[in-house]
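Chains, contacts and geometry: an overview
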Amino acid sequence: MQPMWRVAFEVPEALVPVFADIVEPHVDAVSTFELQEGGQWLIECTSYNEPDTSRIGLKLAVLAAAHGIAEPELTKEPLAPIDWVTKTYLSFPPIEAGRFFIHGSHHKKPVPKGKLGLQIEAAMAFGSGEHATTQGCLRAISEFAQRGRNSFRNALDMGCGSGILAFAIAKLAHKPVVGVDIDKLSIEIATENARLNRVHKLVKLHAANGYAAEAVRRHGKFDMIVANILARPLARMSPDLDKYLMPGGICILSGLLHRQEPLVINAHRAQGLRLIKRYRLGDWSTLVMKKG
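Residues numbered from 1 in each chain as written. Predicted model: local features only at pLDDT ≥ 70, side-chain atom pairs only at ≥ 80, totals over all residues. Heavy atoms only, no water.

The subject of this paragraph is the packing of aromatic side chains. For the coordinates displayed, the defined rule picks out 2 aromatic pairs. Pairing tyrosine 211 with tyrosine 244 gives two aromatic rings, centres 5.9 Å apart and planes at 10°, and the pair type is stacked. One end of the pair, tyrosine 211, is in the loop between strand 10 (203–207) and helix 7 (214–219); the other, tyrosine 244, is in helix 9 (residues 238–244), and 33 residues separate them in sequence. With respect to burial, tyrosine 211 and tyrosine 244 carry one shared label: buried. Above the ring of tryptophan 5, the side-chain terminus of lysine 76 is found at 5.3 Å from the ring centroid. (Phe/Tyr/Trp six-rings, centres within 6.5 Å; stacked < 30°, edge-to-face > 60°. Helix = DSSP H or I, 4+ residues; strand = E, 2+ residues; numbered from the N terminus. Buried < 20%, exposed > 50% of the residue type's maximum accessible area, 1.4 Å probe, protein only. Lys NZ or Arg CZ within 6 Å of the ring centre and 35° of its normal.)

Following this line, the structure appears as structure tokens:
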């Protein structure tokens, strides 16, 4: 198993956005953490391939000089190739979120009355249902996929991971769903999960790079788009989302902290969407926006 890489450095709070933006093109994910109130923040990056820290370091040095601060000390290390989802799988308790009851194969009791069961053998794919962002999306799907059942025709799960959100839509609305993820392994796992949940005839999964996926372009517009990714990619992809969202359609957006809501909302408002509901679980937000 190829190890992932971690790159990290600290900057003052006021400069977190500009430093995060400059490093983002060189890694696969960027996270920020407050180390002390009003003081230093940690910018932590992960990458599937070994990042070019000399190039990143040069950009950080130039940016630091432009803002009159000391050059951040950059650390790089490989992450141990541990399959944490599988490691914790047997201790993964069932989760109830909206209309759904998420469980692993080790859970032998019947699904509670009135709930729709989702069996997720997550392995290495993101989306076991445990994270607040996934639960927020499931709550939104419970409300809005059901509400629009009569006119609801199709959906897109962008960044589908384990497939849990695509399966939830298919089970609740009984409508076709396209799932896309850039990680081929996630798609392999999600395909198996689709069979386990008996939604493989409704859910079509594709390994591809976002809205550039041939399956998305060929399909055309969707009534519902769900994207549980990260705040900056959500904002960056908002024009593409608008392109493929049907007039009157809704999108469910998650993977963002409360403080990141304005970034995501404003990006989609600029495309003509409006916020109709938000769900907040812990520090995390899920937004529901409508087109037109």
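Next up on the list: the sheet that holds strand 14 (residues 284–291). Sheet architecture is open: 7 strands sit in the order 10-9-8-11-12-14-13, paired in mixed fashion. Two strands lie at the open edges of the sheet, namely strand 10 and strand 13 (273–281), each paired on one side alone. Mean inter-strand twist for the sheet, computed between neighbouring axes without regard to direction, equals 15°. Relative to strand 12 (residues 245–257), strand 11 (residues 222–228) runs parallel, the two being bridged by 6 bridges. By the bridge assignment for strand 12, alanine 227 is matched with leucine 253. The strands touched by helix 5 (residues 164–173) within the sheet are strand 8 (155–158), strand 9 (177–181), strand 10 and strand 11, with strand 11 carrying the most contacts at an inclination of about 150°. Helix-sheet contacts for helix 6 (residues 184–196) involve strand 9 and strand 10, and the interaxial angle to strand 10 is about 165°. (Pairing = 2+ DSSP bridges. Axes fitted to C-alpha atoms, helices over the stretch in contact; angles between N-to-C directions. Contact = heavy atoms within 4.5 Å.)

Time to look at the side chain of histidine 268. Among the structural elements, histidine 268 can be located in helix 10 (residues 261–269). Judged by relative accessible area, histidine 268 falls into the buried class, the value being 1%.

Right, let's get into the pattern of salt bridges. Summed over all chains, the structure comprises 13 salt bridges. Taking the shortest distance from any N to any O, the salt bridge between lysine 76 and glutamate 50 comes out at 2.8 Å. Of the two residues, lysine 76 is situated in strand 4 (residues 75–79) and glutamate 50 in the loop between strand 3 (40–47) and helix 2 (53–66); the sequence distance between them amounts to 26 residues. The network of salt bridges with common partners includes Arg6, Glu44 and Glu77. (Salt bridge = Lys/Arg side-chain N within 4 Å of Asp/Glu carboxyl O.)

This next bit is on the nonpolar core. Of all hydrophobic cores here, the largest spans 37 residues; its most connected members are Ile102, Leu138, Ile141 and Met224. Of all the secondary structure elements, the ones that give two or more residues to this core are strand 5 (95–97), strand 6 (100–103), helix 4 (132–147), helix 5, helix 6, strand 10, strand 11 and strand 12. Among the elements that take part in this core, helix 5 stands out by supplying 9 residues, more than any other. Other than its neighbours up to four places away in sequence, leucine 138 contacts Ala97, Phe100, Ile102, Leu118, Ile164, Leu165 and Ala168. Counting 25 residues, the second-largest nonpolar core is a separate cluster that includes Val178, Ala213, Leu253 and Met289. (Core = buried A, V, L, I, M, F, W, Y, C linked by side-chain atoms within 4.5 Å.)

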